[in-house]
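# Coordinates in review
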Amino acid sequence: MEPKEFKHKIKIQIRYKDVDKQGHVNNANHLTYFETARIEYFKDVYKKPVDWNKEGLILARNEINYFIPILLEDEIHCYTKVVSFGTKSFEIACIITKKTKEGEAICAEGKSVIVCFNYETQQTIEVPADWKTAVKAYESHT
């Protein structure tokens, strides 16, 4: 995936604690960056209050490919988009890029499967129709 395929982009702050002994951002932090981007994506796209107990989310799967290291002083961004909907789940794609002399370089890409869940009944639920509508409107808007 390339940055031009995404509409949603946020800047990620690299914290000193994210960097390991080898001098680069430890791979586990990429998941936190993806999570931060997912939350911002949802806030920016849906824009309505959510009762997270009734229309909650569960992370069911994460997949990451690492390409180049991220260093403490790098300027990085995370791009996010929903790539598909199932009945009770959806898949989100993310890429992390860093600014280089040649432009943006892709550091990592990932996909997450998110399952919709009602925490009051402790059962999976269908993806709310208004979530789908908001995402489709956002992603199709030029």
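Anything mentioned here points back to the structure above.
Let me begin by describing the structure that accompanies this report. (Residues numbered from 1 in each chain as written. Predicted model: local features only at pLDDT ≥ 70, side-chain atom pairs only at ≥ 80, totals over all residues. Heavy atoms only, no water.)

Attention shifts here to the nonpolar core. Grouped together as the largest cluster of nonpolar side chains are 30 residues, with contacts concentrated most on Tyr33, Ile70, Ile76, Cys78, Phe90, Ile96 and Trp131. Among the elements of the structure, strand S1 (8–12), helix H1 (28–46), strand S3 (76–85), strand S4 (89–100), strand S5 (103–118) and helix H2 (129–140) are those that each provide at least two residues to this core. No other element matches H1, which puts seven residues into this core. Ile96 has contacts with His30, Tyr33, Phe34, Ile70, Ile76, His77, Cys78, Ala105, Ile106, Cys107 and Ala108, leaving out every residue within four places of it along the chain. (Core = buried A, V, L, I, M, F, W, Y, C linked by side-chain atoms within 4.5 Å. Buried < 20%, exposed > 50% of the residue type's maximum accessible area, 1.4 Å probe, protein only. Helix = DSSP H or I, 4+ residues; strand = E, 2+ residues; numbered from the N terminus. Contact = heavy atoms within 4.5 Å.)

Located in the positive-phi region is Lys47, a residue other than glycine, with phi close to 60 degrees. Summarising the element assignment, Lys47 is placed in the loop between H1 and strand S2 (56–66). Residues other than glycine seldom take positive phi values, yet Gln122 does so here, at roughly 60 degrees. Tracing the backbone through its elements, the reader meets Gln122 in the loop between S5 and strand S6 (123–124).

Following both chains from N to C, one finds H1 and H2 inclined at 90 degrees, their axes separated by 9 Å at the closest point. Taken as axis vectors, H1 and H2 run roughly perpendicular relative to one another. For the pair formed by H1 and H2, the contact residues are Tyr41, Phe42, Val45 and Tyr46 on the first element and Asp130, Trp131, Ala134, Val135, Tyr138 and Glu139 on the second. Here the contact of H1 with H2 is composed, by residue class, of eight nonpolar, no polar and two charged. (Axes fitted to C-alpha atoms, helices over the stretch in contact; angles between N-to-C directions. Parallel < 35°, antiparallel > 145°, perpendicular 65-115°, else oblique. Nonpolar A, V, L, I, M, F, W, Y, C, P; charged D, E, K, R; others polar.)

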